[in-house]
Amino acid sequence: MASFALTPIEKGILRCRHTGPFTPTDIQSLAGFLRDYSGKLLIDLSGADAEECSRHIRQFRPMMPIAAVFGAPLDPAILEIDKSYYANEVRLFGTEEEALAWLRNQ
C-alpha cells in the first residue's frame with residue numbers, strides 16, 4: 001500500500017493525503033508526480049508523524065506545485081526555500097477549510 005493517496009477535490013485541486021511511512025518506491029513515485037503535476041495541491045497530514053513529514057517536505061519543497069499544507073504541527077521554516085529556485089508558493093494552515101479557501105484564490 002502506498003504511503004500517500006491522491007484524490008480530486010475540484011477542478012485543478014488534488015488532495016494528497018499522507019497514509020503511512022514512506023518507502024523508497026513511494027518517494028520516487030511522489031517525486032515523479034510532483035515533477036509532472038501543474039495543478040494545485042492540498043496536502044493533508046492529519047494523523048501523520050510530524051518529524052517524518054518535515055523531513056520529506058523539506059526534500060520535496062523545490063518541486064512542489066502551489067500547495068496548502070495542514071493537519072500536522074510543523075515548523076513553518078520547513079517551507080522556506082533558497083531564492084535561487086523558481087518555486088511555487090506553499091503555505092501552512094491550521095485547518096483544511098483555511099487551506100482550501102487559500103488554494104481556491106490562487
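No experiment lies behind these values; they were computed from the predicted model shown.

Definitions and limits used
Residues numbered from 1 in each chain as written. Predicted model: local features only at pLDDT ≥ 70, side-chain atom pairs only at ≥ 80, totals over all residues. Heavy atoms only, no water. Salt bridge = Lys/Arg side-chain N within 4 Å of Asp/Glu carboxyl O. Helix = DSSP H or I, 4+ residues; strand = E, 2+ residues; numbered from the N terminus. Buried < 20%, exposed > 50% of the residue type's maximum accessible area, 1.4 Å probe, protein only. Polar contact = N/O pair within 3.5 Å; in protein donor to acceptor, adjacent residues only side chain to side chain. Core = buried A, V, L, I, M, F, W, Y, C linked by side-chain atoms within 4.5 Å. Contact = heavy atoms within 4.5 Å. Pairing = 2+ DSSP bridges.

## Quick word on the pattern of salt bridges
Thought 1: Scanning all chains against the criterion turns up five salt bridges.
Thought 2: A salt bridge links arginine 104 to glutamate 10; its shortest N-O distance comes to 2.9 Å. In this pair, arginine 104 sits in helix α3 (residues 96-104) while glutamate 10 sits in strand β1 (residues 4-10), placing the two residues 94 residues apart along the sequence.
Thought 3: Glutamate 10 gets classed as partly exposed once you look at its relative accessible area, which sits at 33%.
Thought 4: The shortest N-O distance in the salt bridge between arginine 17 and aspartate 44 comes to 3.6 Å. Note that arginine 17 is positioned in strand β2 (residues 13-18) and aspartate 44 in strand β3 (residues 40-44), a separation of 27 residues in sequence.
Thought 5: Accessibility expressed as a relative area gives 33% for arginine 17, which makes it partly exposed.
Thought 6: Here aspartate 44 falls in the buried class, since its relative accessible area comes to 6%.
Thought 7: Taken together, the salt bridges that share partners define one network made up of Arg15, Arg17, Asp44 and Glu96.

## Looking at the environment of glutamate 10
Thought 1: Counting along the chain gives 94 residues from glutamate 10 to arginine 104, while the straight-line C-alpha distance between them is 9.6 Å.
Thought 2: Within the local environment of glutamate 10, its side chain forms a polar contact with the side chain of arginine 104, the two groups lying 2.9 Å apart.

## Looking at the nonpolar core
Thought 1: In terms of nonpolar packing, the biggest core is built from 25 residues, with Leu30, Leu41, Leu45, Ile57 and Leu74 touching the most fellow members.
Thought 2: Broken down by secondary-structure element, the contributors of at least two residues to this core are β2, α1 (24-36), β3, α2 (50-60) and β4 (67-70).
Thought 3: Beyond its immediate sequence surroundings of up to four residues, leucine 41 is in contact with Leu14, Cys16, Phe33, Leu34, Pro65, Ile66, Ala67, Ala68 and Leu103.
Thought 4: By size, the runner-up hydrophobic cluster in this structure holds nine residues, among which are Ile13, Leu42, Phe93 and Ala99.

## A word on the pairing of β4
Thought 1: Alternating residues of β4 divide into Ala67 and Val69 and Ala68 and Phe70, and every residue in both groups is buried.
Thought 2: With four bridges joining them, β3 and β4 adopt parallel strand pairing. Across the sheet, residue leucine 41 finds its bridge partner in β4, namely alanine 67.
Thought 3: Pairing between β4 and strand β5 (residues 90-92): three bridges, direction parallel. Residue pairing for β5: valine 69 is matched across the bridge by leucine 92.

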